[in-house]
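# Overview (structure and organization)
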Amino acid sequence: MSNNHVRVLVGEIAEEQESLSLARLCELCDGEASLIEELVDEGVLEVASAGEPRFAGTALRRARLAVRLQRDLGVNTAGVAIVIDLLERIETLESRFGR
Amino acid sequence: MEFKDYYAIMGVARNATADQIKQAYRKLARKYHPDVSKEKDAEARFKEIGEAYEVLRDAEKRAAYDQLGSGPPPGQEFRPPPDWGSGFEFRGAGQPGPGEREFAYSGDASEFFETLFGRAGFAGGPRRRPRDRGEDHHARVMVDLEAALEGGTRTLTLRVPEVGADGVPKLIDRTLNVKIPRGIQAGQHIRLAGQGETIPGAASPGDLFLEVAFAPHRLYRPDGRDLNFDLPVAPWEAALGANITVPTPGGPVELRIPAGSKGGTRLRLRGRGLPSSPPGDLYATLQLVLPPADDAAARSAYEAFASAVPFNPRAGFGA
């Protein structure tokens, strides 16, 4: 009988960890700082602190989505903001009323 | 190996112009991109379309591909001709235009593409610069909602990139047992420290980020930290009010249906949604269900009700 060690990996919810610096967010979404700044201007990403910018909450998911939309479908930043709003609206509608 | 009919994949004729091919790609990319697509297996289709476009948009690759004809007869395996590619130099197709994804070599091309066009068929190689930290890996995983409601361990299989000894990245399957954090929401990430790329000799490995999505649940539909479900009620329960028992993630609970409720009325059960911090709410949407009029007693009850209560549901229709 083999000694069956089933190793369980325990992680945390990244969104509830300490907030991300601009550099770290760029790394995690594979995007340029200029894109992150544009997304902040559009109100897609919120800056969590007054001094050096920190990003929390939905920033990681939205930033990664923004990079994919731009890279794969050629959507500009203003368009990304609209697409994100619409996608989230669709998610809420499908949750409320079923698909 | 399996022959790939790139013209069929893109839905264009074999003599399609470059413009027609580009337009077909843009339409299909929007339709099948996993972030905006509702199609089943969107991700696989999107990759297939990207590979087809990579060949057909490049004059050299397209010319070489056209020489293969439309593939072997059904049932026969495809084998590349012995003098394949002679006379061709497969440089990249040049910089992608706006909205054209650079078909980066992620090791996920079909066997057909890899055999015929190989690494040289890709625009640009992987960026390899000396790093002191392994790369973070990202994967999307689908889990059952119970995992987030209770916080259980799940076995997940991911496709992650691995760089072989020859420096060429390819995708491999990796199976992990992961504890799903209780209360995690769709779109949030489980961060597994140190489970990303390991570089021999580098100080620290990268992390692995798992973006969570939920498989459809038989009852609850998540919306952020909240849950929605449909609650069937009888017409008299809605009209007259009732105390009924409803299922919640934490167990059955008594719920008061107010008198005068209607179909579509939404009732909130505070704090009974996902056990996040803070916990979300559970919303019940009333679904009026009519008892079937399939026996004499039911039919006469309906007829009595109709005579006793004059009611025109179409009063405002104007017909």
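Our subject is the structure listed above.
Scope of this entry: the structure provided in the associated data block. Predicted model only: the values in this text are computed from it and were never measured.

With that settled, consider the nonpolar core. Here is a general trend for soluble globular proteins: nonpolar side chains tend to be buried in one another's company. By size, the foremost hydrophobic cluster in this structure holds 56 residues, and its most contacted members are Leu-45 of chain A together with Tyr-6, Met-10, Tyr-65 and Phe-112 of chain B. Among the elements that take part in this core, helix α3 (residues 59-73) of chain A stands out by supplying eight residues, more than any other. Here Tyr-6 of chain B is in contact with Glu-51, Ala-52, Val-55, Leu-56, Tyr-65, Ser-110, Phe-112 and Phe-113 of chain B, once residues within four sequence places are set aside.

The next point concerns the environment of Glu-77 of chain B. Residues and elements named next belong to chain B. With respect to the element layout, Glu-77 can be found in the loop between α4 (59-66) and α5 (111-117). Glu-77 gets classed as exposed once you look at its relative accessible area, which sits at 51%. Expressed as a C-alpha distance, the spacing of Glu-77 and Ala-147, which sit 70 residues apart in the sequence, is 44 Å. Ignoring sequence-local partners within four residues, the contact set of Glu-77 consists of Met-1 and Pro-72. A distance of 2.5 Å separates the side chain of Glu-77 from the backbone nitrogen of Met-1, its partner in a polar contact.

Another point: the sheet that holds strand β5 (residues 208-214) of chain B. The strand order across the open sheet formed by four strands is β2(A)-β4(B)-β5(B)-β1(B), and the pairing between neighbours is mixed. Unpaired on one side and paired on the other, β2 (12-13) of chain A together with β1 (137-143) of chain B mark the two borders of the sheet. On top of the sheet, α3 of chain A reaches β1, β4 (189-192) and β5 of chain B; it is set at about 100° to β4 of chain B, its chief contact.

Considering the arrangement of structural elements, one finds Asp-83 of chain B in the loop between α4 and α5. Once the C-alpha coordinates of Asp-83 of chain B and Ile-257 of chain B are considered, the two residues, 174 residues apart in sequence, prove to be 77 Å apart.

Let us look at unusual backbone geometry. Each neighbour pair has its own omega, and for Ser-277 of chain B with Pro-278 of chain B the value is -5°, a cis peptide bond. Relative to the assigned elements, Pro-278 of chain B resides in the loop between β10 (266-269) and β11 (282-288). The backbone of Asp-30 of chain A sits at a positive phi, close to 55°, despite the residue not being glycine. Of note in this structure, Asp-41 of chain B is not a glycine but carries a positive phi near 40°. The topology assignment puts Asp-41 of chain B in the loop between α2 (18-32) and α3 (42-56).

It is worth spelling out the sheet that holds strand β6 (residues 221-223) of chain B at this point. Residue and element names in this part refer to chain B. Pairing is mixed across the open sheet formed by four strands, whose spatial order is β6-β7-β11-β10. The two strands at the open ends of the sheet, each matched to only one other strand, are β6 and β10. On average, adjacent strands in this sheet sit at an angle of 30° to one another, irrespective of strand direction. Sheet analysis places strand β7 (residues 226-233) next to β11, joined by seven bridges and oriented parallel.

As for its position among the elements, Gly-43 of chain A is in the loop between α2 (33-41) and β4 (54-55). Along the sequence, Gly-43 of chain A and Leu-86 of chain A sit 43 residues apart, while their C-alpha atoms lie 14 Å from each other.

Quick notes on the rules
- Residues numbered from 1 in each chain as written.
- Chains lettered and ligands numbered in written order.
- Predicted model: local features only at pLDDT ≥ 70, side-chain atom pairs only at ≥ 80, totals over all residues.
- Heavy atoms only, no water.
- Core = buried A, V, L, I, M, F, W, Y, C linked by side-chain atoms within 4.5 Å.
- Buried < 20%, exposed > 50% of the residue type's maximum accessible area, 1.4 Å probe, protein only.
- Helix = DSSP H or I, 4+ residues; strand = E, 2+ residues; numbered from the N terminus.
- Contact = heavy atoms within 4.5 Å.
- Polar contact = N/O pair within 3.5 Å; in protein donor to acceptor, adjacent residues only side chain to side chain.
- Pairing = 2+ DSSP bridges.
- Axes fitted to C-alpha atoms, helices over the stretch in contact; angles between N-to-C directions.

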